[in-house]
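# Structure assessment
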Amino acid sequence: MLELDFAFFNLINTDKRGLAYRKFFLEKLAPIFFRPRIARLIDLADVHLKGCNIVLPLGRGNFQLLEEDKQQDLFNYSIHMSSEFNLPALAVDRRLKEQLLKLSNDFPLIFGDNFIKALACAYIKKWLGVRAIKKIIIAGETEYFMNFIEHIARFGRPVSIQNYNPTHYEILAYRLLYEKGSAVSTSYFNPASWEAGDFIIMLDPDQNQMAVHAPGSFCLKLANDYAGLAPELENSLMQSGLEANMYTLAPIMETYLELQAGNITLNAEQIKPEEINAGNKFIQLEEAGEQLGFWDFFLDKVI
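### Section: the nonpolar core
Nonpolar side chains in soluble globular proteins tend to end up buried together. Counting residues in hydrophobic clusters, the biggest one holds 63 residues, and the most contacted among them are F115, F294 and F298. Among the elements that make up this core, the one with the highest residue count is helix α5 (residues 113–130) (ten residues). Not counting chain neighbours up to four residues away, the residues in contact with F294 comprise V47, F115, L233, M253, Y256, L257 and G289. Core analysis: the second largest hydrophobic core is formed by 28 residues, A30, L90, V92 and F107 among them.

Structure follows, in structure tokens:
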């Protein structure tokens with residue numbers, strides 16, 4: 001059996017068309033003809049990481065047509081394949097999070113949220129060392145959002161939470177201001193307000209393609225479709241036959257950092273989720289990446 005460090009799961013990007021892919025027939029055929037399979041091996045020599053790509057050969061629309069029990073059976077097969085390789089977790093295409101999280105059956109799935117937060121912190125640390133940051137703007141949101149905002153505020157700069165429902169975060173801003181003394185504010189998403197010296201972290205995929213017209217500011221785009229932050233790692237992914245967007249890079253690199261931090265261990269009993277402060281795990285991963293020099297893949301051009 002192959003010795004692997006991780007497995008990455010995804011669907012194909014385009015829905016299949018035709019009579020066989022209508023709901024009635026697909027329900028009958030999927031368990032037989034569309035079971036997940038290992039499509040390719042993945043070799044990320046830059047970080048000494050080897051894995052495999054488990055693909056369920058249907059598009060997202062095809063998969064959604066299936067009844068939940070059929071979806072569960074197909075995804076269980078992917079989890080079984082990961083277990084057969086003695087893998088402690090399964091990295092998953094970020095675009096599938098909403099669909100697949102409920103199908104995990106308590107098997108750890110890694111979607112890359114903690115990697116994205118850790119990367120944002122690494123960028124801020126680096127930028128603070130070379131440039132002046134007047135304000136940090138968070139456009140969009142992520143899981144365990146309060147933990148993330150509270151940690152970002154510790155960098156000693158005012159934090160602005162900008163999205164399309166700012167009232168949702170007023171209590172968060174109030175608590176951090178009056179309990180922690182952190183200058184956190186909320187406002188409607190407004191790129192026109194961005195100024196020189198602002199450090200903008202864009203998490204919302206709907207905002208990813210938006211141009212930033214604020215000379216002297218820095219915009220870090222971390223939405224699913226974005227690429228171009230780590231050319232060496234992204235090139236290794238493409239050479240292995242994968243797309244190099246954040247929806248692929250983030251879950252695989254989070255798996256790498258989880259292994260390095262000792263949160264998950266190959267061929268060993270795993271740490272129970274309750275033994276790790278889930279909301280602050282990104283801090284641990286950022287520190288692990290710093291000790292390894294891993295963030296240099298992303299930060300070598302920051303001057």
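### As for the sheet that holds strand β5 (residues 109–110)
Spatial strand order, β2-β3-β1-β4-β5: five strands in an open sheet with mixed pairing. Sheet topology places β2 (37–44) and β5 at the edges, where each strand pairs with a single neighbour. The pairing of strand β4 (residues 90–92) with β5 spans two bridges and is parallel. Within the sheet, the bridge partner assigned to L90 lies in β5 and is L109. Of the strands in this sheet, β1 (6–11), β2, β3 (49–56), β4 and β5 are in contact with helix α3 (residues 68–84), which crosses β3 at around 160 degrees. Taken strand by strand, helix α9 (residues 246–261) contacts β1, β2, β3, β4 and β5, and its axis lies near 160 degrees from that of β1.

### Focus on the side chain of N224
Mapped onto the elements of the fold, N224 is located in the loop between β10 (218–221) and α8 (231–239). Setting aside residues up to four positions removed in sequence, N224 forms contacts with R94, R95, N245, M246 and Y247.

### Let's talk about the packing of α8 against α9
Packed helix pairs are specified by the crossing angle of their axes together with the interaxial distance, meaning the distance between the axes. In contact at an axis separation of 11 Å, α8 and α9 are set at 100 degrees when each is read in the N-to-C sense. With respect to α9, the axis of α8 lies roughly perpendicular. Mapping the contact onto sequence places L233, E234 and L237 in α8 and T248, L249, I252 and M253 in α9. By residue class, the composition of the contact of α8 with α9 is five nonpolar, one polar and one charged.

### Re unusual backbone geometry
Glycine aside, residues mostly have negative phi angles, and peptide bonds mostly take the trans form. Not every positive phi belongs to a glycine, and H48 is a case in point at roughly 55 degrees. Locating H48 in the fold gives a position in the loop between β2 and β3. A residue is classified by how much of its surface remains accessible, and H48, at 71% relative accessible area, is exposed.

### A short note on a nonpolar patch on the surface
Among the surface-exposed residues, L2, I38 and L41 lie close enough to one another that they form a single nonpolar patch of about 260 Å² accessible area. Inspection of the secondary structure assignment puts L2 in the segment before β1. Classification of L2 as partly exposed rests on a relative accessible area of 46%.

### Concerning the packing of aromatic side chains
For the structure on display, the rule yields 21 aromatic pairs. With 5.2 Å between their ring centres and 85 degrees between their planes, F24 and F25 make a pair best called edge-to-face. The exposure class of F24 is exposed, given its relative accessible area of 55%. Relative accessible area serves as the criterion here: at 35%, F25 is assigned to the partly exposed category. Ring plane angle 65 degrees and centroid distance 5.1 Å describe the contact between F294 and W295, whose orientation is recorded as edge-to-face. Here F294 falls in the buried class, since its relative accessible area comes to 2%. Linked through ring pairs, F115, Y256, F294, W295, F297 and F298 together constitute an aromatic cluster. Between the NZ or CZ atom of R35 and the centre of the ring of Y77, over which it lies, the distance is 4.0 Å.

Conventions adopted
- Each chain carries its own residue numbering, running from 1 in the direction its sequence is written.
- In keeping with the model being predicted, local features are shown solely for residues with a pLDDT of at least 70 and side-chain atom pairs are shown and tallied solely at 80 or more, while totals for entire chains, interfaces and linings include all residues.
- Just so you know, side-chain values use all the structure's heavy atoms and leave hydrogens and water out.
- Residue types Ala, Val, Leu, Ile, Met, Phe, Trp, Tyr and Cys, when buried and joined through side-chain atoms within 4.5 Å, form a set referred to as a nonpolar core.
- Residue burial is assigned from relative accessible area. The probe radius is 1.4 Å, only protein chains are included, and a residue is buried under 20% of its type maximum, exposed over 50%, and partly exposed in between.
- Under the scheme used here, helices are H or I runs from DSSP no shorter than 4 residues and strands are E runs no shorter than 2 residues, and both carry numbers assigned from the N terminus.
- Whether two residues are in contact is decided by their heavy atoms: any pair within 4.5 Å suffices.
- For two strands to be treated as a pair, DSSP must find no fewer than two bridges joining them.
- Between the N-to-C directions of two axes lies an angle of 0 to 180 degrees, each axis being a line fitted to C-alpha atoms and, for a helix, fitted only over the stretch in contact.
- Angular relationships are summarised with four words: roughly parallel below 35 degrees, roughly antiparallel beyond 145, roughly perpendicular across 65 to 115, and oblique for the angles in between.
- When residues are grouped by polarity, Ala, Val, Leu, Ile, Met, Phe, Trp, Tyr, Cys and Pro land in nonpolar, Asp, Glu, Lys and Arg in charged, and all others, Gly among them, in polar.
- Patch definition: residues above 30% relative accessible area lacking any salt bridge, with like charges linked at up to 9 Å and the nonpolar side chains Val, Leu, Ile, Met, Phe, Trp and Tyr linked at up to 5 Å.
- Only the protein chains shown count as covering a residue, and every accessible area follows the Shrake-Rupley method with a 1.4 Å probe.
- By convention in these notes, a salt bridge is any Lys or Arg side-chain nitrogen within 4 Å of a carboxyl oxygen on Asp or Glu.
- Classification of ring pairs uses Phe, Tyr and Trp, with its six-membered ring standing for Trp, and accepts pairs whose centres are within 6.5 Å; under 30 degrees between planes counts as stacked, over 60 as edge-to-face, and the remaining range as tilted.
- We call a charge positioned over a ring when the NZ of a Lys or the CZ of an Arg lies within 6 Å of the ring centre and within 35 degrees of the ring normal.

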